[in-house]
Amino acid sequence: MRGRLVTLDRLLTMQELVDELDREFGELEPDLSGLRLLSPGLTQADVTKLQLTIGHEFPASFASTITAFNLGMFTIGPTAFGSQGDYSDTLRDANVAPVVPWWGEGRRPASLVMIANSDPYALVLDCKTGNVLALQHGSNFDQAVIVASDFGLFLRGIGTVFVARLSSNVRT
């Protein structure tokens with residue numbers, strides 16, 4: 001990390017995460033993109049339309065993040081949020097009649113929305129509780145594990161670990 005020391009004694013704030021990703025990957029654009037949290041995200045009208053299409057209102061933390069940042073091409077470590085450029089297309093494709101349903105057979109579990117993919121896991125948002133869950137691809141949904149109680153904490157958590165791992169001076 002260019003001589004910076006990152007410790008794992010606390011989560012980075014969202015602004016610190018943005019700044020660290022910009023510092024590390026800003027010079028690589030436009031040759032290599034998708035590694036920074038860039039603004040703006042989806043419009044509020046896009047989010048409202050997406051919620052109607054998917055059939056669930058998003059928790060405030062998730063809605064505010066996807067309007068603040070464009071996750072349409074964003075990848076952090078092994079976690080890919082989008083690869084199509086438009087995060088609403090990614091969410092729609094993963095949750096409304098996908099080619100291979102992340103939940104297996106039958107109807108998508110109520111209030112659950114796949115928000116990212118990380119081999120071998122689907123990362124799922126529970127729109128009722130705000131929890132983020134990890135579900136190993138091919139397993140039964142009852143084996144999903146809560147990995148964060150809030151989307152903002154989830155993103156800050158994986159971001160903090162990713163930034164710390166970039167540093168050759170990681171202290172835990």
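Residues numbered from 1 in each chain as written. Predicted model: local features only at pLDDT ≥ 70, side-chain atom pairs only at ≥ 80, totals over all residues. Heavy atoms only, no water.

## Considerations on the packing of helix 3 (residues 60-68) against helix 5 (residues 151-166)
It is the contact of helix 3 with helix 5, at a shortest axis distance of 7 Å, that shows an interaxial angle of 60 degrees. When the axes of helix 3 and helix 5 are compared, the pair comes out oblique. Contacts between helix 3 and helix 5 involve Ser 61, Phe 62 and Thr 65 from the former and Phe 151, Gly 152 and Leu 155 from the latter. Class assignment for the residues of the contact of helix 3 with helix 5 results in three nonpolar, three polar and no charged. (Axes fitted to C-alpha atoms, helices over the stretch in contact; angles between N-to-C directions. Helix = DSSP H or I, 4+ residues; strand = E, 2+ residues; numbered from the N terminus. Parallel < 35°, antiparallel > 145°, perpendicular 65-115°, else oblique. Contact = heavy atoms within 4.5 Å. Nonpolar A, V, L, I, M, F, W, Y, C, P; charged D, E, K, R; others polar.)

## Re the pattern of salt bridges
All chains considered together, the criterion is met by four salt bridges. For Glu 16, the salt bridge identified is with Arg 10, shortest N-O distance 2.8 Å. Glu 20 is the partner of Arg 23 in a salt bridge, and the nearest nitrogen-oxygen pair spans 3.4 Å. Remark: Glu 20 and Arg 23 occur in helix 1 (residues 14-25); sequence separation between them is three residues, near one turn of the helix. Overall, the relative accessible area of 6% leaves Glu 20 in the buried class. (Salt bridge = Lys/Arg side-chain N within 4 Å of Asp/Glu carboxyl O. Buried < 20%, exposed > 50% of the residue type's maximum accessible area, 1.4 Å probe, protein only.)

## Looking at the packing of helix 1 against helix 5
With their axes 10 Å apart at the nearest point, helix 1 and helix 5 run at an angle of 35 degrees to one another. For helix 1 against helix 5, the interelement crossing comes out left-handed. Where helix 1 approaches helix 5, its residues Met 14, Leu 17, Glu 20, Leu 21, Glu 24 and Phe 25 are matched on the opposing element by Leu 155, Arg 156, Gly 159, Phe 162, Val 163 and Leu 166. A class-by-class count of the residues in the contact of helix 1 with helix 5 yields eight nonpolar, one polar and three charged. (Left-handed = near helix turned anticlockwise from the far one by under 90°.)

## Topic: the packing of aromatic side chains
Inspection of the entire model under this criterion finds eight aromatic pairs. The interplanar angle of 40 degrees and the centroid separation of 6.2 Å between the aromatic rings of Phe 151 and Phe 154 together place this pair among those described as tilted. A residue pair is termed a helical-turn pair when its members lie 3 or 4 positions apart in one helix, as Phe 151 and Phe 154 do in helix 5 at three residues. Here the aromatic cluster, defined as three or more aromatic residues joined through ring pairs, consists of Phe 58, Phe 62, Phe 74, Phe 81, Tyr 87, Phe 151 and Phe 154. (Phe/Tyr/Trp six-rings, centres within 6.5 Å; stacked < 30°, edge-to-face > 60°.)

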